[in-house]
Structures are given as C-alpha cells and as structure tokens.
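Spelled out, the chains give:
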Amino acid sequence: HTGSFGFGVLSETQMALSGSHSDGNRYLNLPNALVRIASDFGTETNAVQQVVIGGNPSLDRTQTTALLAGNNQLSWFSANNKHRLKLSSELSAETLNEQLATNTLGSFRFNSLADLEDGRASSFIRQLASPKHDVVNYRAGLALGDAYAPIPALQLQYGVRVDVNRFNAPPVANPLVQSTFGFANDAVPNRIDFSPRLGFSWSYGSAHQVGALSGSSRAPRATVRGGVGLFQGVPSSSSIVSSLDNTGLPSAARQLTCTGPASPIANWSLYRDNANIPTTCADGAGALPFVNDRPNVTLYDRNFSPPKSIRSNVQWAGQVLDGRFNLQMDFTESYNLSQAGTVDLNFLPTTQFALAQEGNRPVFVPMDNVDPLTGATGNASRRSTQFASVTQLRSDLQSEARQFTIGISPTGVHTTFQWSLAYVHANIRDQVRGFTSTAGNPLDREWGRSSLDARHQVVYSLGYNLLDLFRVSWSGSLRSGNPFTPYVGNDINGDGRANDRAFVFDLANVNDVALRDGISALLNSGPRAVRQCLQRQMNHVAQRNSCEGPWTSSASLNISFNPVRWWRSNRLDVAFQVSNPLGAADLLLHGANELRGWGQPAAVNDNLYFVKGFTTATNSFVYDVNSRFGDSSPAHNSIRAPVMLTAIVRFDFGPTRERQSLSSQLDRGRREGGTKMSEGALKSLLNSGGVFNPLAAILRNGDTLKLTSPQSDSLTVLSALYNRRIEQTWAPIVKKLAALPASYNRGDAYDLYVSGRHQTIDMLSSLAPSVLSLLTASQRRALPVEVLSHLNHNYLATIRSGTAGLGLAFLPGVSAPTAGPGGGSGSVVSFGR
C-alpha cells in the first residue's frame, strides 16, 4: 500500500505471510553403517574407500515454519529536493515447529569388510530421545536515514539502524550445569543492536551518449560510489534449537555413544525388528571407559552476539574507449566480528601422553582408554562425569575478507550477439578454535586461510540471436579451487571430535611398511597439488587449509523463442532453461561410467589417514593411508550437481497496457462521468501511438553529435517524411475515435489504435536502415539505447502490436514502455538490466 500524508510525507507499506511444511522418512528401517573397504591392486598400494549402507540416519524429521512480516517506510522530501529523510520500521514473527529425530536407529562404523561380516564395529552411536519444540522469534527493526545532495553530482547517505529480537521461551534451566560450570543454560540471544552506515555517490563528466528526450541532461561520464557501515545479523528461530534439545535434563535429547570394545555386536537379521536395535553399549571387560551414555548440553555464552561486519566498499563505473564499453571496478573489504565458535566446557585439557612419532602431539585420554584393535579413544577427558559434551556457543572469533572485481561489457543495443566478462580476486582469512580443527590443544585459537577462500573467479555471459527465431544465452563461471585440510578420519587426541589434522610423515622416519608405501604412492602418483601440499609439510602436523582443490566450472543455458516470429504475438513467451549443461555434455560425450566431472562441484576427499589400530609399545596409532586423498573425481563420490531442464511458459491474459490506457481515456464522458476529450486533446494524447521518435532525438542533438550539413539535411528530409506519414495515418483514426458514441465498442476502438500503431512501426522500420547509414560509427555509439532500439528491426517487430507479455525479454537489456498511448511518459521507453 502506498499513500501520502500532509507535509510531503510518502508512506509505503508491505505485508507478507509465508509458510512451509516438510517431512522426511527413511527408505530402509535399519541402522546406518559406514564401512571402510581396502582393496589390494597387487603392485599398487591398497586403496581405501568408505561405503555407506543401511538406512539414512538424517531423514526422520518433521518441520513446520511460518513467517508473518510487515514493513513501512516514511519518506519526506525537502522543498529544495536536497534531502530525502526515510524512517523504516519492520515487525515480524517467525515460528518453527520441529522434531529433529535424526539417527534414531543408530549408526555403526566398521574398519573393514571382515569386521562387518563378524559384526565387530569400531563405534555405535544412537539417538535415544528427540524432543519436539515450538519456537517463536519476534523481531523488530527501525532505521532512520537521509539522502543529502549538496550539489546535483554528489549524494551523501547516512543513517543508523536498530534491530531487536525476542524468543518466546528459553531452554529449561538445569541447576547442575550452573553449579558445575558456572554458566546458565537457559540464556538465549535476545539482543538490541545498532548499526550506523555512511555512503556517497559522485558523478562527473558527461557520457558519450547524448540525451534522448527534450530537456534531458546527458548521463554522467562515470560514477564513483562507496561507503562504510556496520552490518548486523539477526538470530533466526532455528538458531536456538540445539540449546532447547540439549539441556542435560531427563526430558532432553539423549544419545548413546559406544566405541571400541563397548560397541555392540551387530546382528543385521535381528534389526528388521527395530525393537532389537541396541539401546545400551556392550559391557565386556574393559568396556566402561568407552561407554558414553551421559547427556549432552548446549548453551550460549552470556556475551553471545550474532555475527556483525564492518564493511567498506568503493566502486567506479563508467564508459571507456570512446563509449564502446561499460567498465566497472569494485573493491570491498570486510572485517567480520562476533563470528561463531564453540568450546566444550567439559573438556579436560590435561595431556595424558604424547605421540612421539607425530611431533609429540598431545593425547588427552590415558593410554588404556585407547582400544588397540580399532584405535578408538574413550571418554576420560571430562571435567564432570555427569555430562558428555557441554558445548558453549561463543561469538569471540573474527575473519577478514577482501574482494576486487573488474567487469566489462559492450554499450549500445546488440540484438545479434551480446557478452559480458568479469574477474574476481578474493582473499579470505578466518579464525577458528581447535574444536573445529585441531593440531594440539582444542582450546587454542588460530588464524588461517578460510575454507571459502577461492582466490580467482572468471564470470562470463554470452547471448546469440539465432536466425531471429531463438535467443540462446549461456552464463557461467570458472573458479579456482577451495582450500582443504589433511585430516585423520577418526578422533585421535581424545577430545571426542574427529577433527584432528594429519601429521605428514617423513618417509625416512617411518618404520611401518604399509604407511611408508601409502605416503610414497601419494608423493609419486597423486595429483600435483596434493604432492606439493604434502612435500612442503613433511615432518609436521598439516596446516589448516594448506592444500587446494581443482578449478571448477558451472554454467546455465537459456533458450527463448522469439514470440513475434513464432506466433505473431508477444503475449506468449516460451523458454527452456538447462541447469548444468556442462554436466549434460559430460554425460552425453563420455557416458555414466567415464565422467570427467564437467560442471560438478569439487567434493575433495580430505582424509589423509584412517585409524585401524593402536600400538601400545610405541605409543602410536596404526594408519591406513587414503590413496584417494585430494581426489575429487565424480566417480569416487556421490555428490552431484543435477542436470535439470525447465520449461517456462508465460501467457499474458487480459487487456494490454495500451488498451487499458486508451479505454480509460475514451470512457470519460461516455461510459463514465467527466468531460469527453476533444479531437485536439485526443490527438495530443495519442502522440503517434506512444511510439518514440528517434529522428527527432537525433536532430535535437545535432550539435553534440557533430552532424555535417549533408547529414542534417538528409535526416531533416526523412524526419519530415516520417511526420507527414504519421499525420496522414493518425488524423483519420483520431477523428473516428473522437466521434465515438457513448455506447462505443472498446474492441473496435482498440483495433483502430492498433492499425495506426502497425503503420507507425512499419514506417519507422522502413526508414531505420537509411537513418543508420547516414551516421558514422562514432555517432551511432553516441546514441542512447532509447534511440538505437527504435532503429532496430527486431525491437520494433516486438513492440509492433503493443508491449504485453515478456516479448521484449528476447532483446536483453531493453524493457517495455511503462504506459500506453499518451499520458506524458507513455512514449518513454525505460532501459536497464
């Protein structure tokens, strides 16, 4: 709703209601299992791959969401048009009803096919209870800003925003958590946050293109924009789910974790009856340290804050090379505060022994809490035996991001071939705690390259008008590889998390023949990037994100039909979109068994080792080397970007904009009250059927275009011819329309208008080649898009009968007139991307 009040205040209000519901059900009502398979290829080192079998542990879930939101913006314009004050207000209520019943039937891990056959698992984890919860998050925002233009070429924008949120119900308090760790578990991030911002926009010079309309000024030569501000995140309803589930109370979520000798013997034939799936760990000799049936707790730090970013940006955009190309350069720098991290308050950082062969890496459980057969670690590194993990959500981490973008595209109207090209260089560093990626003490924090730091990206788009029947558009990008970290696929330091970075052994110091041969094979025949990554880290624990994945490519293809050529109307638009056409080409050319990975994400295998045992005599883990470390071949993983064909059909029902405008004018004094328009007023209103006159615009800017006398004379003759034909066409039409009775037929009246529009467009199309031939290449480049489009046959054919539907989508970069015949701006065509 838009309305105005006194004192020049404009009010704009929007309301929205949305909702969703989703259910997930597993296909197999069986536990899940992850099986490590080692294959012996004779002369080559054993290859190791993990295979998933059984039921999907993440599908038993249900979720319902709803969002009611409203916002209002009040704008006040000063009398001298130098200030626009804006007061924006927002209110929303977001509800979430959810039960994350994941892993309710349990998950086994087996170190080998032999262990699977014997039912001897290295671990078994099962969710025993999954409570339901209802969350409502109320949010409000208020922003006050001003756009101040001290001079026409300069605009300053400044303001401040405040965001408030409140959750309807906190987690149930657990006094034992408070007394044991000194932190309450019933706190949630109810916040009030302020974010000031400042920006500017400065235009200078004059563009190469002349003004299209009488009295209009030329666009600026270039524009420089920039700003700095604090951008504040707002918590969502789902952000507190974990703290609601994990309170440590009997009514909370409960999980059973059994490792090593505590893992129950798997009997798959019995598990067809889900009642037979284990709910307790095995209780054999030495099993107790490997049993974890204590509750988990998740709580917020009392100073927790949603992420915020101090972001600055500067951009230059303008035309280069005598107006031939649009060039844009943009630099953005962001200093990100209050980044999320976790700390296990129940972790006891006391080193029990060290792995001498791995640079004295600390282990936080006693040696007798490491199972020699499987290498599984126990649960002794706990401050309190009343709880398992007590995860505190903190916001004390930081990150930095810098990005430079340069893009170029041609100016003007190019209905046969279009293109654009951009290069992006990024640099992202972030800070993490050892509970995310650890080489030693999980409590330590460190800076390093971010996992999202793809340094280089090339973005491009291509469009081609094929025989004036189809427009084929291809857009895509080439991106350098994301960094990744060499990991061990198991927990080896005893902190309960499988996030330990791998130690890169020096071959000269390795006595284990299988380990030495596995590393040697990677160094000799692995991907080049993998070899370099390992070689520069010999005899050290790997650095976080020290390796880099391969370049990847993505693309999309769009094929649209020219509606005027196919069905003589722009009411119907038909297009086909192909997502991931590179993947389709890969499948067609190479077959399903020989895919090259075109158009696929690089799902890199980052496990360098898998633990298969522990040797107490040497205080060392026994590893399987993953020969596919760093591999991203689609044949070795199940992650795929699908190939999807989408058909889009749009039909414009109802009267065209031109017909609506014409009928509203003719109805006055006939079907409706008011004064009937005179013939002269109607003639002025129709204004040549609302068709823009490019010849008048060219002659009006003759001095700027530096037209020669012969050019001016020829264009004047053509313009006079055009105007005379227009007068001959519209004079009788206007006379008939002005003489219509009160009970006139709207369809017949519109047919008269369309016949005049057809003749106008046809006349313009016949003159356009002569007009363009009179101008030099430099002069044509100086014409704005409004003028060039009305000298283009394809565009004129599209608007010949009106501007209904999306027919103009066939001509990228050109949009339809915003009104019908007459009406002031009705003859103005708006342009933009």
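Residues numbered from 1 in each chain as written. Predicted model: local features only at pLDDT ≥ 70, side-chain atom pairs only at ≥ 80, totals over all residues. Heavy atoms only, no water.

### Observations concerning the sheet that holds strand S14 (residues 291-292)
- Here we have 6 strands laid out as an open sheet, ordered S4-S3-S7-S8-S13-S14, and mixed in their pairing. Looking at which strands have only one partner, the edges of the open sheet turn out to be strand S4 (47-54) and S14.
- For strand S7 (residues 107-110) and strand S8 (residues 123-129), the ladder comprises 3 bridges, and the chain directions are antiparallel. Bridged to phenylalanine 108 within S8 is phenylalanine 124. (Pairing = 2+ DSSP bridges. Helix = DSSP H or I, 4+ residues; strand = E, 2+ residues; numbered from the N terminus.)

### Side note on the environment of serine 107
- Within the fold, serine 107 resides in strand S7.
- Serine 107 sits in the buried class, given a relative accessible area of 15%.
- Sequence separation between serine 107 and isoleucine 125 is 18 residues, and the spatial gap between their C-alpha atoms is 5.3 Å.
- With residues near it in sequence (within four places) discarded, serine 107 still touches Asn32, Pro57, Ser123, Phe124 and Ile125.
- At a separation of 2.7 Å, a polar atom in the side chain of serine 107 contacts the side chain of asparagine 103. (Buried < 20%, exposed > 50% of the residue type's maximum accessible area, 1.4 Å probe, protein only. Contact = heavy atoms within 4.5 Å. Polar contact = N/O pair within 3.5 Å; in protein donor to acceptor, adjacent residues only side chain to side chain.)

### Focus: the state of the cysteines
- One pass over the full model with this rule turns up 2 disulfides.
- There is a disulfide in this structure between cysteine 258 and cysteine 281, and the S-S distance comes to 1.9 Å. Taking the sign of the S-S torsion, about -85° here, the bridge from cysteine 258 to cysteine 281 comes out left-handed. Of the two residues, cysteine 258 is situated in strand S13 (residues 254-259) and cysteine 281 in the loop between S13 and S14; the sequence distance between them amounts to 23 residues. Residue cysteine 258 shares its accessibility class with cysteine 281, and that shared class is buried.
- Linked covalently through their sulfurs, cysteine 533 and cysteine 547 form a disulfide whose S-S length is 1.8 Å. Taking the sign of the S-S torsion, -70° for the link of cysteine 533 and cysteine 547, the bridge is left-handed. Taken together, the residues cysteine 533 in helix H5 (residues 528-535) and cysteine 547 in strand S29 (residues 547-548) connect sequence positions 14 residues apart. Taken individually, cysteine 533 and cysteine 547 each receive the classification buried, so the pair is uniform in this respect. (Disulfide = S-S within 2.5 Å.)

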